[in-house]
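Structural overview for review
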Amino acid sequence: MVKLITILSTQEIKFNDMLISIFKKTISVVYFIIILQLASNAQNSILVNFGTNSCNGSGAPSFSLIKDPFGNASSSLTTCNVGAQVPDIFAVFIAYNPKNNKLYLADIRTGFTKTWAMDIGLPENINCPQLDSLPDNTYSYVSNNFEFDNNGDLWSFSDYNDTTGQCNIDQFDLNTGTVINTRIVQFPNGNFPTTISSGDLTLLPNGRMFATLGSNPSRLYEITNYSSASSYAIATYLTTLPLNCFGIAYLNGQLEITGTDFSGTCYYYKYEISSNTLDSAVTFQDGQLPIDNTSISPSIGVAKQLTSAQKINATTAAITYNIYVKNLGNVALNNINVSDNLAAIYGAKNISNISLSFVPGNNDANLLLNSSYNGNTDTNMLAPNQNLVNQTSSNTDYFFQLQLSFTVTNLQDMIYENSAIGSATIGGQGSLSFINVADSSNNGPASA
């Protein structure tokens, strides 16, 4: 009787017709090899809050990096005073730029836009930047609610007409204030924002744009078609917020929309994008006052595919896996690595002839392998202390693909569960800025 090696996954169970065809010809004993999807923390966002470190508004203008923002123990990794740059918290915006992993502060109170570029040490050692009191750039274009996309392009609103419900959405040059291109945003009748000078916008890694705008009331919109060749972008009304909100950020697949009554009450709402669901207000994190928000979202994804299983004898096979690892977030990853414990799956005495390499053309990041990898006592596949950049524009150095081949003996009629684990950090080991991400492999090729 012809029996098969079958690839299974706890996330999705399906047969791969090509592999079944191969296995019918090569294997005549039942080995079930599972590439197992385990619980993982593949995305671990940091909320960046500009405001003050006390909800009552006391203290100097500052920005904080808030760890585990939706958890029960959210806390500030660091709080950085920018009182020498801006005299108070009004008419000031903060935005994170994935292209260079820096934060930007913009002050528009004087009818000009003044910006500071802030290097906070990503991805290795997060710290407060050294800033001059004078801005890096000053120009006459007045930015409202600016935010960077994953390519480092900067977007802002301007010139709102509350009679027609239209404003401009501008892509502009950070260094000169020159508008590169502009489109008209049309807001829906009956749900025009009261103003665009109060609120914030956020851009998801996939390019979707959301904005909270106006006060008394504040409304939530999604802005579509903003980067197309069309002259118009569309603001789709999503919901009216129960309280005034001034900030918005994308965190671990959800939106956080933040606000204060400036009388000692500071709050945020979680918004589930897929279901258009707004949760009840919750006290804002770490006792702070929120004015403007952005986010840093380290994220990693791993896929593993059984590409070959050649029969040697009734209980021995030569097996090859391809392991694909990708930086899915908007920040460079520190300490990138992949682990695969073969001994835990097959038994230490049953694995031999291990060969580890990069798939040709799939290491533009120029990473180094761990020459001591043995699938048993040393399960890390990469050399330590390496970084993997995030995707911007058309770069190809944000992913890599490994090929792992080995011989396994004493195979039995049983299920073998097998998964590769990708891991990384931002910040240094043991420091207050240490953030972990890890993901166990989905079953399949890079698209998985």
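Residues numbered from 1 in each chain as written. Predicted model: local features only at pLDDT ≥ 70, side-chain atom pairs only at ≥ 80, totals over all residues. Heavy atoms only, no water.

**Considering the side chain of Ser62**
Turning to its location among the elements, Ser62 is positioned in strand E4 (residues 62-67). Once residues within four sequence positions are removed from consideration, Ser62 is found in contact with Asn49, Phe50, Gly51, Thr52, Asn53, Thr79, Cys80, Asn81 and Val82. (Helix = DSSP H or I, 4+ residues; strand = E, 2+ residues; numbered from the N terminus. Contact = heavy atoms within 4.5 Å.)

**Remarks on the packing of aromatic side chains**
Evaluation of the coordinates by the stated rule reveals 19 aromatic pairs. A centroid spacing of 5.0 Å and a plane angle of 70° characterise the contact between Phe187 and Tyr221, whose relative ring orientation is edge-to-face. Placement of the pair is Phe187 in the loop between strand E13 (179-186) and strand E14 (199-203) and Tyr221 in strand E16 (residues 218-224), with a sequence separation of 34 residues. Assessed through its relative accessible area of 0%, Tyr221 is described here as buried. Members of the aromatic cluster, joined through ring pairs, are Phe93, Tyr104, Phe146 and Phe148. Above the face of the Tyr321 ring, Lys304 is positioned so that its terminal group lies 4.1 Å from the ring centre. (Phe/Tyr/Trp six-rings, centres within 6.5 Å; stacked < 30°, edge-to-face > 60°. Buried < 20%, exposed > 50% of the residue type's maximum accessible area, 1.4 Å probe, protein only. Lys NZ or Arg CZ within 6 Å of the ring centre and 35° of its normal.)

**Structural notes on empty space enclosed by the protein**
Using a probe with the size of a water molecule, rolled over the atoms, empty space left in the structure can be pinpointed. All chains considered together, the criterion is met by two cavities of 30 Å³ or more. Its volume calculated, the largest cavity comes out at about 120 Å³. Lining the largest cavity are 15 residues; nearest its centre among them are Pro98, Phe148, Asn150, Leu203 and Asn330. Grouping the amino acids of the lining of the largest cavity by side-chain chemistry returns seven nonpolar, six polar and two charged. (1 Å grid on protein atoms, 1.4 Å probe; cavity = no way out; pocket = protein on both sides within 12 Å on 5 of 7 lines; lining within 4 Å. Points joined across faces, edges and corners; volume = space filled by probe spheres on them. Nonpolar A, V, L, I, M, F, W, Y, C, P; charged D, E, K, R; others polar.)

**A look at the nonpolar core**
General note: in soluble globular proteins, nonpolar side chains tend to be found buried as a group. Ranked by size, the top nonpolar core spans 34 residues in total, and within it Phe50, Phe63, Leu65, Leu105 and Ile296 carry the most contacts. Per element, the largest residue contribution to this core is four residues, and it comes from strand E3 (residues 46-52). Val302, Leu402, Leu404 and Tyr416 belong to the second largest nonpolar core, which has 33 residues in total. (Core = buried A, V, L, I, M, F, W, Y, C linked by side-chain atoms within 4.5 Å.)

**Looking at the confidence of the model for the protein**
Residues of the protein with pLDDT of at least 70 account for 90%, and the chain-wide mean is 89. Note on residues 1-30: pLDDT under 50 across the span, and 53 contacts to partners over four residues away in sequence or across chains. (pLDDT = per-residue confidence, 0-100.)

**Some details on the sheet that holds strand E31 (residues 435-440)**
With antiparallel pairing, the three strands of this open sheet are ordered in space as E26-E30-E31. With one partner strand each, in any of the chains shown, strand E26 (334-339) and E31 form the two edges of the open sheet. Each strand axis lies, on average, 10° off the axis of its neighbour in the sheet, ignoring direction. Two strands pair when backbone bridges link them, and strand E30 (residues 421-426) and E31 are joined in this way by six bridges, in the antiparallel orientation. Within E31, the position partnered with Thr425 by the bridge is Asn436. (Pairing = 2+ DSSP bridges. Axes fitted to C-alpha atoms, helices over the stretch in contact; angles between N-to-C directions.)

**Quick notes on the sheet that holds strand E6 (residues 92-97)**
Strand order in the open sheet made by the four strands is E6-E7-E8-E9, with antiparallel pairing throughout. Bordering the open sheet on either side are E6 and strand E9 (137-139), each of which pairs with just one other strand. Adjacent strand axes in the sheet meet at a mean angle of 20°, parallel and antiparallel pairs treated alike. As paired elements, E6 and strand E7 (residues 102-107) share six bridges and run antiparallel to each other. Its bridge partner lying in E7, Phe93 is registered against Ala106.

**With respect to unusual backbone geometry**
With an omega of 0°, the peptide bond running from Leu122 to Pro123 counts as cis. With respect to the helices and strands, Pro123 occurs in the loop between strand E8 (113-118) and E9. The residue Asn353 is not glycine, and still its phi comes out positive at about 55°. For Asn353, the position within the fold is in strand E27 (residues 351-358). Of the residues examined, Asn353 reaches a relative accessible area of 61% and is grouped as exposed.

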